[in-house]
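# A look at the structure
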Amino acid sequence: MRDSLGRVAREVVGCERCPRLRAWCRRVARLKVKRFRNEEYWGRPVPGFGDPRARLLVVGLAPAAHGGNRTGRVFTGDRSGDFLFAALHRAGFANQPTSVGREDGLRLADCYVAPLARCAPPANKPTRSEIGRCREYLAREWRLLCEVRAVLALGKLALDGFVALLREEGRLPPRKAYAFGHGVSHDLGEELRLFASYHPSQQNTFTGKLTPARLDLVLAAINRHLGRHATGAR
Ligand code: SF4
């Protein structure tokens, strides 16, 4: 059967390959936090989200316990998502600056967002084996998103995970190193460029390590690479 983004999403949502992560997500969904105690948590793995014809692929690490694990959409319902989607909106990749729930009307244009690991991990840290196990889903999305020419890795783990994926696909040589740094980018050949940014975690945004202006600079470089103007989609 031919693969599709819908099929990947359905398989992600039903995935039970990582017992530690599945148990954690269910536990968080059952216990909740006080401010969301009246909400029904998603509590399942979180699929990728966005435009099937995207030229920009944004790679994050994993859903947040009370963000994606609550709302069922990546970078949705937490401060990291507020920060990221406001920036994507300013750069012309999102129709609105907020991301609060699956039915909030958010649409991405020319952009697809996907995490490396699809289940919220304890302490926001999936293990190497959990990331490796989950990479199959990102690899399948990568093959289906045929128009991607820019990849934005949010954090070093996302960059390393995406590079590992391309190596597994035979697209990159095994040994060459790809350094991480905010604003760093790498030419991967065939018009594909890998961009890096600090992750929009509260740890980075509250301390000023990542500011809106710093993320805007990276997205402006991506827009230049794609030959886009920030005000609109294709
Ligand atoms: S992290 Fe990925 S592979 Fe592991 S259970 Fe969740 S969806 Fe499945």
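Figured I'd write up the structure that's included with this text. (Residues numbered from 1 in each chain as written. Predicted model: local features only at pLDDT ≥ 70, side-chain atom pairs only at ≥ 80, totals over all residues. Heavy atoms only, no water.)

## A word on the layout of surface pockets
- In this structure, the largest pocket occupies an estimated 950 Å³ of space.
- In terms of lining residues, the largest pocket is bounded by 38 residues, among which Ser80, Asn124, His199, Ser201 and Gln202 are the most central.
- Secondary-structure elements contributing two or more residues to the lining of the largest pocket are helix 4 (79–90), helix 6 (156–168) and helix 7 (202–205).
- Considered class by class, the residues forming the lining of the largest pocket number 19 nonpolar, 13 polar and 6 charged.
- Within this model, the second largest pocket holds a volume of roughly 230 Å³.
- Taken together, Arg128, Ile131, Gly132, Arg135, Leu157, Asp160, Gly161, Ala164 and Arg167 make up the lining of the second largest pocket.
- Every element with two or more residues in the lining of the second largest pocket is listed here: helix 5 (128–144) and helix 6.
- The dominant element in the lining of the second largest pocket, judged by the number of residues it contributes, is helix 6, at 5 residues.
- Considering only residue class, the lining of the second largest pocket consists of 3 nonpolar, 2 polar and 4 charged. (1 Å grid on protein atoms, 1.4 Å probe; cavity = no way out; pocket = protein on both sides within 12 Å on 5 of 7 lines; lining within 4 Å. Points joined across faces, edges and corners; volume = space filled by probe spheres on them. Helix = DSSP H or I, 4+ residues; strand = E, 2+ residues; numbered from the N terminus. Nonpolar A, V, L, I, M, F, W, Y, C, P; charged D, E, K, R; others polar.)

## A look at empty space enclosed by the protein
- Scanning all chains against the criterion turns up 1 cavity of 30 Å³ or more.
- One number sums up the size of the largest cavity: a volume of about 100 Å³.
- Contributing to the lining of the largest cavity are 15 residues, with Cys15, Cys18, Cys119, Cys134 and Tyr137 lying nearest its centre.
- Within the residue set of the lining of the largest cavity, elements represented by two or more residues are helix 2 (19–31) and helix 5.
- Top contributing element to the lining of the largest cavity by residue count: helix 5, with 4 residues.
- Considered class by class, the residues forming the lining of the largest cavity number 9 nonpolar, no polar and 6 charged.

## A word on the site of the ligand
- Looking at the ligand, the residues that line it are Cys15, Arg17, Cys18, Leu21, Arg22, Pro45, Arg118, Cys119, Cys134 and Tyr137.
- Of all the cavities here, the one that holds the ligand is the largest cavity.
- For the shell around the ligand, the elements supplying multiple residues, two or more each, are helix 2 and helix 5.
- In terms of residue class, the shell around the ligand is made up of 7 nonpolar, no polar and 3 charged. (Near = heavy atom within 4 Å. Sits in = over half its atoms within 2 Å of the grid points.)

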